[in-house]
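These are the residues of each chain, in order.
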Amino acid sequence: MAVSANGGFHPINLDDYEATAKERLTTQAHGYFSSGANDQWTLRENREAFNRIRLRPRVLNDVSKVNLNTSILGHTSTMPVLVAPTGMQKLAHPEGETATARAAREVGVPMTLSTMSTTPLEEVAESSGKGLRFFQLYVFQQRELTVQLIKRAEAAGYSAIVLTVDVPAMGRREADLRNHFTLPPHLTLANFDEETHGATRLCGAREAARDGSGGDFGLADTKSALSAYVNSMYDGSLTWKTIDWLKSITALPVIVKGIMTPEDALLAREHGVSAIWVSNHGGRQLDGVDAPITVLPSIKQALAEKPVMESHFRMPTRMAIWVDGGVRRGSDILKALALGADMVAVGRPVLWGLACGGQQGVVDVLSMIREELTLAMKLAGCNDVKKVSRQLVRLAHEPV
Ligand code: FNR
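Each value, and the rule that gives it
- Residues numbered from 1 in each chain as written.
- Predicted model: local features only at pLDDT ≥ 70, side-chain atom pairs only at ≥ 80, totals over all residues.
- Heavy atoms only, no water.
- Phe/Tyr/Trp six-rings, centres within 6.5 Å; stacked < 30°, edge-to-face > 60°.
- Buried < 20%, exposed > 50% of the residue type's maximum accessible area, 1.4 Å probe, protein only.
- Lys NZ or Arg CZ within 6 Å of the ring centre and 35° of its normal.
- Near = heavy atom within 4 Å.
- Polar contact = N/O pair within 3.5 Å; in protein donor to acceptor, adjacent residues only side chain to side chain.
- Areas by Shrake-Rupley, 256 points an atom, 1.4 Å probe, with all protein chains shown as cover.
- Helix = DSSP H or I, 4+ residues; strand = E, 2+ residues; numbered from the N terminus.
- pLDDT = per-residue confidence, 0-100.
- Contact = heavy atoms within 4.5 Å.
- Core = buried A, V, L, I, M, F, W, Y, C linked by side-chain atoms within 4.5 Å.
- Arc of directions from axis to C-beta.
- UniProt positions renumbered as here; feature names shortened; annotations may be inferred.

**Some words on the packing of aromatic side chains**
1) Next: Throughout the structure, instances matching the rule amount to 11 aromatic pairs.
2) Next: Measuring from ring centre to ring centre gives 5.5 Å for F9 and Y17, while their planes differ by 90°; the resulting arrangement is edge-to-face.
3) Next: Overall, the relative accessible area of 25% leaves F9 in the partly exposed class.
4) Next: Linked through ring pairs, Y138, F140, F192, Y229 and Y234 together constitute an aromatic cluster.
5) Next: The lysine or arginine in question, R284, covers the ring of Y32, its NZ or CZ lying 5.0 Å from the ring centre.

In structure tokens, the structure reads:
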């Protein structure tokens, strides 16, 4: 990282943001943001899988101008990149999710707000203004609570519901156990009020469990406050019928986040979702699964080969594919587009930007991503994201 004489912060890549964020965050917050599940094999694999993919540049193709504008669910994004949902952003910066929302609007990319936000979704919507925003949904055992969240998201101008399906139980994140991760007393899960939810503060859950009054949470030494919360509140009994239910109560497009196999991609299409979000939750859930970028080609192929099944659900003409996990370079985005992604999401880099400089930090991170993508496109001989083709990459098993 370039450090000026006065010790200023001059990041030249996304890893520099991460290094500085680590210095600025508490051990607990950094552990929560950075860690993966168990041995963190999948967390590392998310990065390493990109390194095994080779680019095949073409030349003499006039790249003096590069077009990154992308259409997403009938809206426009200034690049094929969106902000992934990450919980508890006030752990990174006092302005938390509102700073991220303003940054995403400034850069012209969609933001996805987590159910586990430390700012109420209405307040984030206000900061997002005319910006494109999606609401990420966890389904609670209390269905009424879930319905209320959807209705509030609709009323606050969110343009899609992103249903996360890879948390039927909380992954085992050992950093959170070691650090006794809890929300600090001044923060709450702000999409809920204490009256209806009863556990807006995770630290409350932990303390209650410690003094024996929190039997609901079943907290043992092997569970963090967060996993106790998730396992006691989230509905672990979801099935494909849940998508039908969701579509019956909202007219917003439904995106399913956490698809990792062609089989589930086909089922998602049968159930009429507008997009699948290929993701392993940033390596935070099931350790040992492949990187999303590794499974993307087989998902793309399965969808292309199998015709759309007729059903009584409203079918989108074409289901979009979004992907995330380990994206840290513009060239990673190019590789994902070449392998069939329509949109590419970033999670942790936004948190690092937020920790380093609030709204401006996130703007800088997203701008760095844009610059890197533009340069990668130029060097690969591609002047429009719409023209990125499968020929642009070579997988390890494919001949040179
Ligand atoms: C997440 N992720 C996540 N996903 C989700 O659907 N709802 C959520 O509340 C959260 N919360 C969350 C918190 C933190 C700290 C992280 C790092 C991640 C997963 C996230 O949306 C995304 O899938 C990954 O972060 C993508 O991987 P990268 O870009 O972080 O490598």
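After presenting the structure, the write-up continues.
**Quick word on the site of the ligand**
1) Next: What surrounds the ligand is a group of 23 residues, the closest being P85, S114, T164, D324 and R328.
2) Next: At 3.3 Å from a nitrogen atom of the ligand is found a side-chain nitrogen or oxygen belonging to Q136.
3) Next: At a separation of 3.0 Å, a nitrogen atom of the ligand approaches a polar side-chain atom of Y138.
4) Next: Protein contacts shield 98% of the accessible area of the ligand, which totals 600 Å² for the unbound molecule.
5) Next: Within the residue set of the shell around the ligand, elements represented by two or more residues are α2 (27-34) and α15 (348-379).

**Some remarks on the confidence of the model for the chain**
1) Next: Across the chain, the average pLDDT comes to 92, with 90% of residues at 70 or higher.
2) Next: Ignoring residues within four places in sequence, the model shows residues 208-220, a span with pLDDT below 50, making 15 contacts including any to other chains.
3) Next: The ipTM value of the predicted complex is 1.00, and its pTM value is 0.94.

**Brief notes about the nonpolar core**
1) Next: Judged by nonpolar contacts, the single largest core of 111 residues is most densely connected at M88, Y229 and I276.
2) Next: Broken down by element, this core gets its largest block of residues, 15 residues, from α15.
3) Next: Grouped together as the second largest cluster of nonpolar side chains are 14 residues, L82, A320, W322 and A345 included.

**A closer look at helix α3 (residues 41-51)**
1) Next: Of all the residues in α3, the buried ones are T42, E45, N46, A49 and F50. Looking straight down α3, one finds its buried side chains confined to an arc of 135°; they lie on one side.

**Some remarks on the environment of E23**
1) Next: Relative to the helices and strands, E23 resides in helix α1 (residues 14-24).
2) Next: The sequence separation of E23 and I255 amounts to 232 residues, and the corresponding C-alpha distance is 35 Å.

**Considerations on the UniProt feature "binding site: glyoxylate" (unreviewed entry) in the chain**
1) Next: Under the UniProt annotation, the feature "binding site: glyoxylate" (unreviewed entry) is placed at Y32, Y138, R173, H281 and R284.
2) Next: Here H281 shows up in the loop between β11 (275-278) and α13 (292-305).
3) Next: Its place among the elements puts R284 in the loop between β11 and α13.
4) Next: The class for R284 is buried, based on a relative accessible area of 10%.
5) Next: Those residues in contact with R284, other than ones at most four positions away along the chain, are Y32, F33, S35, G36, A37, G171, R173 and R348.

**Thoughts on the environment of F134**
1) Next: When you line up the elements, F134 lands in strand β8 (residues 133-137).
2) Next: Take F134: its relative accessible area is 0%, and that puts it in the buried class.
3) Next: Spatially, the C-alpha atom of F134 lies 9.8 Å from that of L252, the residues being 118 residues apart in sequence.
4) Next: Apart from residues lying up to four places away in sequence, F134 is in contact with I72, L73, L82, P110, M111, T112, L113, Y158, S159, A160, V162 and W322.

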